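Notes for the structure review
Listed below, chain by chain, are the residues.
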Amino acid sequence: MTDSATMSVTGRLVPEPVLAPTPILELRDLHASYGAIEVLHGMDMIVPAGGIFAVLGPNGAGKSTMLRVVAGLHAPSGGSVLLGGRDVVRARPDELARRGVCLIPEGRGVFPNLTVEENLRLIGHLGASMSEIEQRTYEQFPRLAERRKQLAGTMSGGEQQMLALARAVATKPGLLLIDELSMGLAPKIVETLYELVAQIAQDGVTVVAVEQFARTILGIASSAVVVTTGRIVMAGGPHEVESELSGLYLGDTGA
Ligand code: ATP
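Fair warning: this is a prediction, and the values are worked out from it, not measured in the lab. (Residues numbered from 1 in each chain as written. Predicted model: local features only at pLDDT ≥ 70, side-chain atom pairs only at ≥ 80, totals over all residues. Heavy atoms only, no water.)

Further remarks concern helix α4 (residues 130-140). Looking at α4, one finds that the buried residues are Met-130, Ile-133, Glu-134, Thr-137 and Tyr-138. Here the buried residues of α4 occupy an arc of 120° about the axis, which is enough to place them on one side. Those residues of α4 that are exposed and aimed more than 90 degrees away from the buried face are Ser-131, Gln-135 and Glu-139. Residues of α4 that are buried in the fold lie against α3 (116-121), α5 (142-146) and α6 (157-170). (Buried < 20%, exposed > 50% of the residue type's maximum accessible area, 1.4 Å probe, protein only. Helix = DSSP H or I, 4+ residues; strand = E, 2+ residues; numbered from the N terminus. Arc of directions from axis to C-beta. Contact = heavy atoms within 4.5 Å.)

Packing of α6 against helix α7 (residues 187-202) leaves a shortest axis separation of 10 Å and a crossing angle of 10°. Classified by the angle between their axes, α6 and α7 sit roughly parallel to one another. Across the interface between the two elements, Gly-158, Gln-161, Met-162, Leu-165 and Val-169 from α6 touch Ile-189, Leu-193, Leu-196, Val-197 and Ile-200 from α7. Among the residues making up the contact of α6 with α7, the classes are represented as 8 nonpolar, 2 polar and no charged. (Axes fitted to C-alpha atoms, helices over the stretch in contact; angles between N-to-C directions. Parallel < 35°, antiparallel > 145°, perpendicular 65-115°, else oblique. Nonpolar A, V, L, I, M, F, W, Y, C, P; charged D, E, K, R; others polar.)

Take the pattern of salt bridges next. According to the stated counting rule, one finds 11 salt bridges in the structure shown. We note a salt bridge from Glu-26 to Arg-28, for which the minimum N-O separation is 3.0 Å. One salt bridge in this structure joins Asp-94 and Arg-92, with 3.0 Å as the shortest N-O distance. In the salt-bridge network here, residues are joined through shared partners; they are Arg-92, Asp-94, Glu-95 and Arg-98. (Salt bridge = Lys/Arg side-chain N within 4 Å of Asp/Glu carboxyl O.)

Taken together, the 6 strands give an open sheet; going across it, the order is β8-β9-β10-β5-β11-β12, and neighbouring strands pair in mixed fashion. Both edges of this open sheet fall to β8 (101-104) and β12 (231-236), since each of them pairs with a single strand only. Neighbour to neighbour, the strand axes of the sheet diverge by 20° on average, direction disregarded. Two strands pair when backbone bridges link them, and strand β5 (residues 52-56) and strand β11 (residues 223-228) are joined in this way by 4 bridges, in the parallel orientation. (Pairing = 2+ DSSP bridges.)

As a further point, take the pairing of β12. Two strands pair when backbone bridges link them, and β11 and β12 are joined in this way by 5 bridges, in the antiparallel orientation. Its bridge partner being in β12, Val-226 is matched across the sheet by Met-234. The antiparallel hairpin formed by β11 and β12 contains 2 residues in its connecting segment, where Thr-229 sits at a positive phi of about 35°.

This brings us to α6. Helix length check: α6 (14 residues) gives 20 Å between terminal C-alpha atoms against 20 Å at 1.5 Å per residue, within 8%. With 13 of 14 residues buried, α6 is to be regarded as a mostly interior element. (Expected span 1.5 Å × (residues − 1).)

This next bit is on the site of the ligand. Every residue near the ligand is listed here: Tyr-34, Val-39, Pro-58, Asn-59, Gly-60, Ala-61, Gly-62, Lys-63, Ser-64, Thr-65, Glu-106 and Glu-180. Measuring from an oxygen atom of the ligand, one finds a backbone N or O atom of Gly-60 at 2.7 Å. Burial of the ligand by the protein chains amounts to 58% of its free accessible area of 630 Å². Its residues placed into classes, the shell around the ligand shows 4 nonpolar, 5 polar and 3 charged. (Near = heavy atom within 4 Å. Polar contact = N/O pair within 3.5 Å; in protein donor to acceptor, adjacent residues only side chain to side chain. Areas by Shrake-Rupley, 256 points an atom, 1.4 Å probe, with all protein chains shown as cover.)

Tracing the backbone through its elements, the reader meets Gln-161 in helix α6. Judged by relative accessible area, which is 1%, Gln-161 ranks as buried. Each residue touching Gln-161, except ones within four places of it in the same chain, is listed here: Gly-107, Arg-108, Gly-109, Glu-180, Leu-181, Leu-185 and Leu-193.

What follows concerns the pairing of β5. In terms of burial, β5 is a largely internal element, 5 of the 5 residues being buried. Here β5 shows two buried faces, one formed by Ile-52, Ala-54 and Leu-56 and the other by Phe-53 and Val-55. For β5 and strand β10 (residues 206-211), the ladder comprises 5 bridges, and the chain directions are parallel. Directly across from Phe-53, in β10, lies its bridge partner Val-208.

Looking now at the side chain of Glu-26. For Glu-26, the location among the structural elements is in strand β3 (residues 25-34). Accessibility expressed as a relative area gives 15% for Glu-26, which makes it buried. Reaching out from Glu-26, the side chain makes a polar contact with the side chain of Arg-28 at a distance of 3.0 Å. In contact with Glu-26, other than residues within four places in its own chain, are Met-45, Ile-46, Ser-80, Val-81 and Leu-82.

Structure follows, in structure tokens:
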């Protein structure tokens, strides 16, 4: 008898159900509205632990709203959000942050009037000393070490996004939600940033990355979904989704 089967009372070998690992994040029939206008119309999504999960789709599809709901910043009007199998739909953003959920919002998630160093100092320390945080950050993001005394708002858009990534990583997230890292940036810079994201995922952080432009993110994603008008309309491996997309909507930075 193998480990994966047991003997039934009739003496027949009955295969034991193979238990799939609990997803790090699961959305079940998620609805969200702004006032009377519903923008998520029953979203179901399963994010396995580990790797990069790409969320693609056109403007206004509801991708940012979904991330804001997961981070506890927007209360859904129905459905569930499960984090590691536990319903967290009513959890506050700070509770979710303590459980390892970190959101890099659309735009530049940094304080422009503070230096790189000061931006790092504003992070909750989670037991680590500031010098440890700075040392780790500057090893991983050497460009930021060169800029440590510079005001974040005077850095290039790519460097500001790098700082947003660095701040997120310093909180030691389990689930990193990234909203359109590529916003307003040249394709080459976007590639560099996503190389950093791939490294972050390799270090064990599960990444959910919303991107309007598909090619770069699909190159590093382990799975992907496409959202249009508040619903998931496609889900699968990156190659599968890319070939389907090429006939449907052109999510391409030209990178
Ligand atoms: P984008 O890439 O443009 O951000 P998205 O897929 O992230 O698109 P959302 O930002 O989630 O989409 O927006 C979904 C819908 O909700 C859109 O129709 C948008 O106009 C609307 N919406 C977003 N934020 C608000 C808000 N604060 N108040 C009212 N409507 C909003």
